[in-house]
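Each chain is listed here by its residues.
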Amino acid sequence: MKVDQILNDGTLCALSLFLILIWAGVKFRLYAPPRWDGETAAATLLRLACGFLLAGASLDKLGDAAGFLGLMKECYFFVPDPIQPLTAVVIPWLEFFTGLCLVSGFRWRAAALVFCGLMAVYTLAISWDVLHGIDCSCGCFSKDAGEKMTGWTVLRDLLFLAMGSILLVSRRTFAALDRLND
Amino acid sequence: MKPKYSPKASSSSAAALTPFPLKKTAGQAWDLFVFSAFFAVLFNAFYVAGIELKFKPKVFTGQSDRGSTPVTYSGFSSPASDSPLQKKATPTPLPGEPNPFPRLSVMGVKQRFDKKSCVILDARKPEEYQEGHIPGALNFYGNEPEKFAPLVMPQLPDKSKEIIAYCHGGDCDLSLQVARALQEAGYTHVEIFTGGWPDWQKAGYPVTKGVDP
């Protein structure tokens, strides 16, 4: 079984929800982790999950701006024509560097803000397509046609947005390069 | 009450309320965006498969590049033509443009394939075509247009019919060569399936082997 078959919308929703529940459990003292700072550990887990998700999502699109542009013209045609090529070039690299910052912990709070912004935009764009019944590939993790946009995709991105928002307001995370914010 | 944001707080009693560093975070996020955009544009400029960033509006000259067939303007309809909502205007390629043909993703090709609204041409070698191709696709090897044109073009009498050419995807130029050959022969609605055979296979869409009847 291939990785993209395992990491479908349902699995990612469950994974996101699981991470958010871990964070909520620690935050609201539903259980107390012994000896170590559970809230920071949960935030670290969220940071790494968001980072790997975003960096992983960018990999298939980095070297194929033409393919991503083609997908955008068909599926996200509400993006104004003049900025479509620039968007197709910039978005994958923005995802990649943001993911890298989150994984390494360098300026992780700023990266979390960008992550939230990207997820908010994606959620709106996919919702628009789903509501208008556009049968198209999401292009979220790859440009393959298998990535259909459904209500699950919207829910998945909303959960990602929730993860990013929690991370944004977290106090500190472990193993971060950026010590200034810790 | 526990402070909402207090980086150095170890307990709520000792916590001095520290405001959320919104300005600093927003500034760093902007830096990240600018750096990524700058890097992306630079990478695209030197990358072999980089794309044209400059927006080129559709130019309608009133005539096609062949000079004989009038171009359909969207918003107008001649009595013989379909509704402008159903029929798209054909953009005239700009002079000197390396690849003036519209590009399609695998989803776009699948939609047209399902509707049977187009002719699909496989621009790969005949051996590769026989090993597997999109059902109904005709073989038109891009490196030998003089050999394949007399075989394929008689099967395409309607020069305004939508034709999609594909090859190995990525940097493959065979489909582009086929598209150019067709354009020179007067075909007005030629498109390129960018992802080509690898994307079609990856998507799990139907394939067929041998030569189509």
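Before going into details, it helps to say that this report is about the structure given with it. (Residues numbered from 1 in each chain as written. Chains lettered and ligands numbered in written order. Predicted model: local features only at pLDDT ≥ 70, side-chain atom pairs only at ≥ 80, totals over all residues. Heavy atoms only, no water.)

On to the overall build of chain B. Each helix and strand in chain B was counted, giving 6 helices and 5 strands. Secondary structure elements in chain B, listed N-terminal to C-terminal, are α-β-α-β-α-β-α-β-α-β-α. Relative to its full complement of 213 residues, chain B shows a buried share of 38%. Summarising the internal contacts of chain B: among those between residues at least 6 apart in sequence, 61% fall at separations of at least 24. Split by element, the accessible area of chain B, about 12,700 Å² in all, is 58% carbon and sulfur. (Helix = DSSP H or I, 4+ residues; strand = E, 2+ residues; numbered from the N terminus. Buried < 20%, exposed > 50% of the residue type's maximum accessible area, 1.4 Å probe, protein only. Contact = heavy atoms within 4.5 Å. Areas by Shrake-Rupley, 256 points an atom, 1.4 Å probe, with all protein chains shown as cover.)

What follows covers the state of the cysteines. Residue and element names in this part refer to chain A. Enumeration according to the criterion identifies 1 disulfide over all chains in this entry. Put simply, Cys138 and Cys140 are joined by a disulfide, and their sulfur atoms are 1.6 Å apart. Given the relative accessible area of 3%, Cys138 is considered buried. (Disulfide = S-S within 2.5 Å.)

Once that is clear, we can look at the sheet that holds strand β1 (residues 103-104) of chain B. The pairing of strands in a sheet comes from backbone hydrogen bonds and takes either a parallel or an antiparallel form. Residue and element names in this part refer to chain B. Taking strand neighbours across the sheet as the criterion, the 5 strands line up as β1-β5-β4-β2-β3 in an open arrangement whose pairing is parallel. The open sheet has two edge strands, β1 and β3 (138-139), and neither has a second partner. Of the strand pairs in this sheet, strand β2 (residues 119-122) and strand β4 (residues 163-166) are connected by 4 bridges, and their pairing is parallel. Residue pairing in the sheet places Ile120 in a bridge with Ile164 of β4. (Pairing = 2+ DSSP bridges.)

In many reports, interface size means the accessible area that the parts give up when they come together. Listed per partner, the contact involves 39 residues of chain A and 40 residues of chain B. Here chain A packs against chain B, burying approximately 3,500 Å² in sum over the two surfaces, 66% of which is carbon and sulfur. With its nearest N and O atoms 3.7 Å apart, the salt bridge here joins A:Arg107 to B:Asp31. Inspection of the chain A/chain B interface yields 1 residue pair in polar contact (both at pLDDT 80 or more). Taken together, the elements giving at least two residues each to the side of chain A that touches chain B come down to α3 (38-62), α4 (65-75), α5 (84-104) and α6 (108-131) of chain A. In terms of residues, the side of chain A that touches chain B owes the most to one element, α5(A), which gives 9 residues. Its residues placed into classes, the side of chain A that touches chain B shows 22 nonpolar, 5 polar and 12 charged. (Buried area = accessible area lost by both parts, 1.4 Å probe. Salt bridge = Lys/Arg side-chain N within 4 Å of Asp/Glu carboxyl O. Polar contact = N/O pair within 3.5 Å; in protein donor to acceptor, adjacent residues only side chain to side chain. Nonpolar A, V, L, I, M, F, W, Y, C, P; charged D, E, K, R; others polar.)

Residue and element names in this part refer to chain B. Burial along strand β5 (residues 190-193) is two-sided: the residues Val190 and Ile192 and Glu191 and Phe193 are all buried. As defined by bridge partners, β1 adjoins β5 across 2 bridges and the pair is classed as parallel. Residue pairing for β5: Leu104 is matched across the bridge by Phe193.

It is worth spelling out the side chain of B:Ser175 at this point. Residues and elements named next belong to chain B. Considering the arrangement of structural elements, one finds Ser175 in helix α5 (residues 174-184). Given the relative accessible area of 3%, Ser175 is considered buried. Residues contacting Ser175, with those up to four places away along its chain left out, are Ala123, Ala165, Tyr166, Cys167 and Ile192.

Any empty space left between atoms is shown by rolling a water-sized probe over those atoms. Inspection of the entire model under this criterion finds 1 cavity of 30 Å³ or more. Taken as a whole, the largest cavity encloses approximately 60 Å³ of empty space. If you trace the largest cavity, you find 13 residues lining it, with A:Leu62, A:Ala65, A:Val89, B:Phe43 and B:Asn44 closest to the centre. For the lining of the largest cavity, the elements supplying multiple residues, two or more each, are α3 and α5 of chain A together with α1 (22-46) of chain B. Considering each element in turn, the lining of the largest cavity owes the most residues, 4 residues, to α5(A). For the lining of the largest cavity, a count of residues per class yields 10 nonpolar, 2 polar and 1 charged. (1 Å grid on protein atoms, 1.4 Å probe; cavity = no way out; pocket = protein on both sides within 12 Å on 5 of 7 lines; lining within 4 Å. Points joined across faces, edges and corners; volume = space filled by probe spheres on them.)

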